[in-house]
Amino acid sequence: MKAARIYNEVTTSDKLIAITFDDGPNPEWTPQFLQVFKEHGAKATFYVQGSNMEKFPDVAQRMDAEGHEFGNHSFTHPHMASLSKEEQSEELRRAEQIIIDVIGKRPTTFRPPYLEYNDDLIAVCEQFNYPIIHATNLDTRDWDMPGTDHIVKVSRAEIREGSILLFHDGFGDRSQSLAAIQILVPELIEQGYKLVTISELLAAEIK
């Protein structure tokens, strides 16, 4: 992996897509997303907030047991660009440590809260050996409850080999995101895509 490189998607000739989630684990919504992936034998990557890992370790352990990947999404979900470099590093360190404490595995990628970053954060991510993971379907704004049809339509337009799709399983009502996932997961599989973790997608990158 290339540390601190920013990925919206991965260049690959394989029919692979990574579906990712932000801000969990959440005891109400995360298990419902997990059920969809379990039913279809698919995997996702969850960019977890460290403070939520601390609150809901049982949910996190289920995510891990079912084969999903964890990414670092900071500890308190701050606007990272407003922090000092030392504060940025501490956010990543605390989140990484709680992930290790709960599931015994170190995250290998980072997604900044609000997708905000600056040169300091890129340097911090290099120190942690974290690529920065964004996504192709950012216009869904699924966190803002724009409607299931909107989330599905915008996501469909961004589907291709190597796409990274972003949804939210944490904070507030995630029913529209869940409904969209229930449509998109079987649809993508029917189209011949394999739904993989971010690490698996990065491993398939054409150099």
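Since the structure is predicted, the reported quantities are computational estimates derived from the model, not experimental observations. (Residues numbered from 1 in each chain as written. Predicted model: local features only at pLDDT ≥ 70, side-chain atom pairs only at ≥ 80, totals over all residues. Heavy atoms only, no water.)

S.K.: Got a minute to help me understand a negative patch on the surface in this structure?
M.R.: Taken together, the side chains of E86, E87, D119 and D120 make up a negatively charged region of the molecular surface. Mapped onto the secondary structure, D119 falls in helix 5 (residues 119-128). (Patch = residues over 30% accessible without salt bridge, like charges linked within 9 Å, V, L, I, M, F, W, Y side chains within 5 Å. Areas by Shrake-Rupley, 256 points an atom, 1.4 Å probe, with all protein chains shown as cover. Salt bridge = Lys/Arg side-chain N within 4 Å of Asp/Glu carboxyl O. Lys, Arg positive; Asp, Glu negative; His and termini not counted. Charge placed at Lys NZ, Arg CZ, Asp CG, Glu CD. Helix = DSSP H or I, 4+ residues; strand = E, 2+ residues; numbered from the N terminus.)

S.K.: Sorry, what's going on with the pairing of strand 3 (residues 45-48) here?
M.R.: Neither face of strand 3 is left uncovered, since the one carrying T45 and Y47 and the one carrying F46 and V48 both have all their residues buried. Here strand 2 (residues 16-22) runs beside strand 3; their pairing, made up of three bridges, is parallel. Bridging from a neighbouring strand, F21 pairs with F46 of strand 3. Crossover strand 2 to strand 3 through helix 1 (residues 30-40) is right-handed. (Buried < 20%, exposed > 50% of the residue type's maximum accessible area, 1.4 Å probe, protein only. Pairing = 2+ DSSP bridges. Right-handed = clockwise from strand over helix to strand, strands pointing away.)

S.K.: In this structure, what is going on with helix 4 (residues 85-103)? I would like to understand it.
M.R.: Helical geometry: 3.6 residues make up each α-helical turn, so side chains three or four residues apart lie on a common side. With 19 residues, helix 4 should cover 27 Å at 1.5 Å per step; its first-to-last C-alpha distance of 27 Å lies within 8% of that length. The set of residues buried in helix 4 consists of Q88, E91, L92, A95, E96, I98, I99, V102 and I103. Along the axis of helix 4, the buried positions cluster into a sector of 165°, meaning they face one direction only. Residues E86 and D101 are exposed on helix 4 and point more than 90 degrees away from its buried face. Tucked inside the fold, the buried residues of helix 4 contact strand 3, helix 2 (50-55), helix 3 (57-65), strand 4 (69-72) and helix 5. A positive phi of about 75° marks G104, the residue just after helix 4. (Expected span 1.5 Å × (residues − 1). Arc of directions from axis to C-beta. Contact = heavy atoms within 4.5 Å.)

S.K.: What is the right way to read the pairing of strand 6 (residues 164-168) from this model?
M.R.: Looking down a regular strand, the side chains alternate between one sheet face and the other. For strand 6, the buried fraction is high: five of the five residues fall into the buried class. In this sheet, strand 6 lies alongside strand 2 in parallel orientation, the contact comprising five bridges. In the sheet register, F21 faces strand 6, and the bridge partner there is F167.

S.K.: So what exactly am I meant to see when it comes to the packing of aromatic side chains here?
M.R.: A ring pair, where both rings are aromatic, is described by two values, the distance of the centres and the angle of the planes. Considering all chains together, one arrives at six aromatic pairs under this definition. Between F21 and F46, the ring centres sit 5.0 Å apart and the planes meet at 20°, which makes this aromatic pair stacked. Highlighted residues: F21 in strand 2 and F46 in strand 3, separated in sequence by 25 residues. By the burial criterion, F21 is buried, and F46 matches it. Ring geometry for F21 versus F167: centroids 6.2 Å apart, planes at 40°, classification tilted. Of this pair, F21 sits in strand 2 while F167 sits in strand 6, and the two are 146 residues apart along the sequence. For the pair formed by F21 and F167, the shared burial category is buried. (Phe/Tyr/Trp six-rings, centres within 6.5 Å; stacked < 30°, edge-to-face > 60°.)

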